[in-house]
Amino acid sequence: MTSSLPGKRMCLSLTVVAMVNSTDPHGWPNTSTKNLLDNIKNPRYNWSPEIRGVILSSILYGMLIVKIPVGYLSGIYSIRKMVSCALILSSLSSLLIPLAADAGEMPLIACRVVQGLGQGTVSIAQHVVWVKWAPPLERGRLTSLSLSGLMLGPFISLLATGFICQALGWPYVFYIFGACGCALGLFWFILFYDDPKDHPCISVDEKEFITSSLMAQVSSNGQHLPIKAMLKSLPLWAISLGCFAFSWTNHIMFLYSPTFISSKLHVNVTENGLLSALPYLFSWLLGILVGQVADLFLSRNMLRVITIRKLFTTLGLLLPSFFGICLCHLSSGSHSTIIFLILASSTVVFCVVGILINPLDIAPRYYGFLKGVTVLIGLTGGLTSSTLAGIILKQDPESSWSKIFFLMAAINVISLTFYLIFAKAEIQDWAKEKHTRL
């Protein structure tokens, strides 16, 4: 299920290469029979880099709107129903994208915003699942395994999108992914249960193990949020700033890989899809591995929880910055470009067992709400980076990449420094059973 969200987001990043008339700078149509037939299969639009940046980032506006409300409501209402309905809403929006694109930029942007509402709901609500389902010593591997779908989705999406564009035309990308998303929403409603106690397919011993390991964890249902204490919490601000940097980096690598490959290697859309998919295959594999390693360190008392969080956050923010800067200084060789693009994209997943899971350490009872807040702050980074990248690329598509990657590195270093100083992994006083209420 996790893989379907970025998969649907990522397909537009590649299809936009096929959707834009880049062969003629003045936008005059080619009247040859072959090109006329191709234009019927793959309609093209005269979108500037700025407009493309807004279209690609517009999904984040919808995601921004729902993060905090969903974070709060997910601690009260059924995750099963929320995720199922949101998946279907997002998928229906995907089905409408070709019609919206024909109608103009604004309808397409509006469609993407609605898609963001659904995806934002799913991305927050699914995290709250682990409050009732993840024993403390297994959180790293369960979270990383689940979130590895964020990388598996783009791999499958990019791989399939290139071939679908070539064989059927880019509109069918959205029809196929939209239909699959609707089916997934129905499967989620049928197979998922909010509480392990209600699940009919797991053993009694497993139910007792999960519930007993979480006995000390108190739910936030029906309780007021200690907003003032949260606003004064430096560990929470450290996580939020780290999420800002993570999202900034992830969205640059996530949304602009196909554009980067197109500008540097000048390949067709099928080859672009294959090359753009490779970084996410490695990200998926690495994401599963880091969860296992983090839980190994924890279960054998080799490292403290806070040390694990800081170590993996450091790797997840510094390594992409280093490899991104290396990309700016490479020769035009395709092999070295793809290798460093893979490294820059995949190493960001170290953050999965760092800042991304840290809110569950400091305030498990308010995890849903805090996840909404930190992801909201993170998405502002993603929204800013993706929009700003479009503006920078408009100036000079060839040389602007160095500015994009150096700015990304600066954001990561500043955020990481703050995180290393103020991050904690103990339950905070305001998140314990007795706290000062607002």
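Computed from a prediction, not measured in an experiment: that's the story for all the values here.

(A) Representation of the nonpolar core within the structure. Residues W47, M230, I252, F312, Y366, L370 and F405 are the most contacted members of the largest nonpolar core, which totals 91 residues. When residues of this core are assigned to their parent elements, the largest contribution, 16 residues, is made by helix α11 (residues 234-265). Core analysis: the second largest hydrophobic core is formed by 24 residues, V83, L87, W130 and I357 among them.

(B) Structural view of unusual backbone geometry. Of note, H266 is a non-glycine position whose phi angle comes to about 55°, a positive value. Within the fold, H266 resides in the loop between α11 and α12 (269-299). You will see that N301, though not glycine, has its phi angle at about 55°, which is positive. Taking the relative accessible area as the measure of exposure, N301 reaches 71% and is therefore exposed.

(C) Looking closely at the pattern of salt bridges. Counted under the stated rule, the structure contains 2 salt bridges. In this structure, D361 engages R309 in a salt bridge whose closest nitrogen and oxygen atoms are separated by 2.6 Å. Taken together, the residues D361 in helix α15 (residues 358-362) and R309 in helix α13 (residues 305-328) connect sequence positions 52 residues apart. You can call D361 buried: its relative accessible area is 10%. One salt bridge connects K432 with D429, and the closest N-O pair in it is separated by 3.5 Å.

(D) Local environment of the packing of helix α16 (residues 367-395) against helix α17 (residues 400-422). Closest axis-to-axis distance for the α16/α17 pair is 8 Å, and the angle between their directions is 150°. Relative to α17, the element α16 lies roughly antiparallel. Read as a crossing pair, α16 and α17 show a hand that is right-handed. Where α16 abuts α17, its residues L388, A389, I392, L393 and Q395 lie against S400, W401, K403, I404 and L407. Tallied by class, the residues present in the contact of α16 with α17 amount to 7 nonpolar, 2 polar and 1 charged.

(E) Focus on the packing of aromatic side chains. Scanning all chains against the criterion turns up 14 aromatic pairs. The interplanar angle of 65° and the centroid separation of 6.2 Å between the aromatic rings of Y45 and W170 together place this pair among those described as edge-to-face. Linking Y45 in the loop between α2 (33-41) and α3 (49-73) with W170 in the loop between α7 (149-167) and α8 (171-191), this pair joins segments that are 125 residues apart in sequence. Each member of the pair, Y45 together with W170, is buried. Among the aromatic residues, ring-to-ring pairing joins Y45, W47, W170 and F174 into one connected group.

(F) The side chain of S93, seen in detail. Inspection of the secondary structure puts S93 in helix α4 (residues 79-103). Judged by its relative accessible area of 4%, S93 falls in the buried class. A distance of 3.0 Å separates a polar atom in the side chain of S93 from the backbone oxygen of L89. Here S93 is in contact with C111, V114 and Q115, once residues within four sequence places are set aside.

(G) Quick look at helix α14 (residues 334-346). The first and last C-alpha atoms of α14 sit 18 Å apart over 13 residues, in line with the 18 Å expected at 1.5 Å per residue. Buried within α14 are the following residues: T337, I338, L341, I342, A344, S345 and S346. Packed against the buried residues of α14 are α11, α12 and α13.

(H) Quick peek at the confidence of the model for the protein. Mean pLDDT over the protein works out to 82, with 88% of the residues at or above the 70 mark. Throughout residues 23-33 the model reports pLDDT below 50, and contacts reaching past four residues in sequence, or to other chains, amount to 7 contacts.

(I) Structural view of empty space enclosed by the protein. Tallied over the entire structure, the rule returns 4 cavities of 30 Å³ or more. Quantified by volume, the second largest cavity comes out at close to 70 Å³. The wall of the second largest cavity is formed by L147, S148, L150, M151, F246, N250, S283, G287, V349, V352 and L356. Those elements giving two or more residues to the lining of the second largest cavity turn out to be α7, α11 and α12. Looking at the lining of the second largest cavity, its residues break down into 7 nonpolar, 4 polar and no charged.

(J) Geometry of the packing of α13 against α17. Here α13 crosses α17 at 165°, and the two axes come no closer than 9 Å. Here α13 is positioned roughly antiparallel relative to α17, judged by the angle of their axes. With respect to the hand of their crossing, α13 and α17 are arranged in left-handed fashion. For the pair α13 and α17, the contacting residues are R309, K310, T313, T314, L317, L318, P320, S321, G324, I325, L327 and C328 in the first and W401, S402, F405, F406, M408, A409, N412, V413, L416, Y419 and L420 in the second. Per-class residue counts for the contact of α13 with α17 are 15 nonpolar, 6 polar and 2 charged.

About the cut-offs
Residues numbered from 1 in each chain as written. Predicted model: local features only at pLDDT ≥ 70, side-chain atom pairs only at ≥ 80, totals over all residues. Heavy atoms only, no water. Core = buried A, V, L, I, M, F, W, Y, C linked by side-chain atoms within 4.5 Å. Buried < 20%, exposed > 50% of the residue type's maximum accessible area, 1.4 Å probe, protein only. Helix = DSSP H or I, 4+ residues; strand = E, 2+ residues; numbered from the N terminus. Salt bridge = Lys/Arg side-chain N within 4 Å of Asp/Glu carboxyl O. Axes fitted to C-alpha atoms, helices over the stretch in contact; angles between N-to-C directions. Parallel < 35°, antiparallel > 145°, perpendicular 65-115°, else oblique. Left-handed = near helix turned anticlockwise from the far one by under 90°. Contact = heavy atoms within 4.5 Å. Nonpolar A, V, L, I, M, F, W, Y, C, P; charged D, E, K, R; others polar. Phe/Tyr/Trp six-rings, centres within 6.5 Å; stacked < 30°, edge-to-face > 60°. Polar contact = N/O pair within 3.5 Å; in protein donor to acceptor, adjacent residues only side chain to side chain. Expected span 1.5 Å × (residues − 1). pLDDT = per-residue confidence, 0-100. 1 Å grid on protein atoms, 1.4 Å probe; cavity = no way out; pocket = protein on both sides within 12 Å on 5 of 7 lines; lining within 4 Å. Points joined across faces, edges and corners; volume = space filled by probe spheres on them.

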